[in-house]
Amino acid sequence: MPTISEHKYISNIVHSEFIYLIWKSPAGDRFPVGKLYRDDKFEYIAKESAYDAGFTCYPAFAIFTEAPSIEYSEPIKVFARRLPPKSRSDYGKFLALYGLDYKSELVKDISDFDLLAYTGAHLADNPFSFANPFKGCKPPLQFIMQAAAFDFYGQNIQNQELLLEKNLSLALEPENPKDINALSIKFQEQKIAYVPRSYTEVFHEWLKLGFKIDLSVFRINGTDEHRYLYLFVSVF
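Residues numbered from 1 in each chain as written. Predicted model: local features only at pLDDT ≥ 70, side-chain atom pairs only at ≥ 80, totals over all residues. Heavy atoms only, no water.

A separate point is helix α5 (residues 112–119). Of all eight residues in α5, seven are buried; the element is thus mostly enclosed. Every buried residue of α5 is listed here: F113, D114, L115, L116, A117, Y118 and T119. Backbone geometry just after α5 places G120 at a positive phi near 85 degrees. (Buried < 20%, exposed > 50% of the residue type's maximum accessible area, 1.4 Å probe, protein only. Helix = DSSP H or I, 4+ residues; strand = E, 2+ residues; numbered from the N terminus.)

Next up, the structure:
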């Protein structure tokens, strides 16, 4: 069971123009391979590096090289199948994992598109998920973000549960040989993870505009071999 922060919920929902479909390669690298738009359109954006890593397509939407601009039918409805049915007895617990209060008016009429955006629509043993770039959205805003590389950097922390609800800091890494835009996440000056690449662009935009980004540990779950760190991100 995940170790989760109690009574911490998102207080406002913002509406992105689109969200990224993310594919995780067998080697563990994540690539943005598609865009799902609020007006119910979907397009592939995968670069050669993703195909080199083994990406083919999302199973429900074949790629037709002879018709790259094909319009896929009701993509939001198709992707929403990744979400649990609202009739499930534990649906409220599912929403709570992503900082959404099932009983609040804020969540009562939330759209499938926004559910995909705010939950990521992760499925066990499935390489696809969604990331919200918050295009067209202005702070203040809040969301839950899965940190990258916690499996590697977080292993030096003896009792990871002690991180729960602790505040973390961001650090620029302009000399990072893999990505000059990389943003590391630190706890008491110790690097424990990274901001996923699908979020680094908008994080840099917020910082450049003078917004403050507050990070705190929201939940930690997984197995002894693979641990996942989820952060409560507040931008204001």
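Scanning the entire structure with this criterion turns up six salt bridges. For D90, the salt bridge identified is with R88, shortest N-O distance 2.8 Å. Taking relative accessible area as the criterion, D90 reaches 30% and is therefore assigned partly exposed. A residue is classified by how much of its surface remains accessible, and R88, at 41% relative accessible area, is partly exposed. Salt-bridge contacts for K135 lead to E201; the nearest nitrogen and oxygen are separated by 3.4 Å. Highlighted residues: K135 in the loop between β5 (128–131) and β6 (141–146) and E201 in helix α7 (residues 197–208), separated in sequence by 66 residues. For K135, a relative accessible area of 24% translates into the label partly exposed. Classification of E201 as partly exposed rests on a relative accessible area of 47%. Connected via shared salt-bridge partners are K135, E201 and E205. (Salt bridge = Lys/Arg side-chain N within 4 Å of Asp/Glu carboxyl O.)

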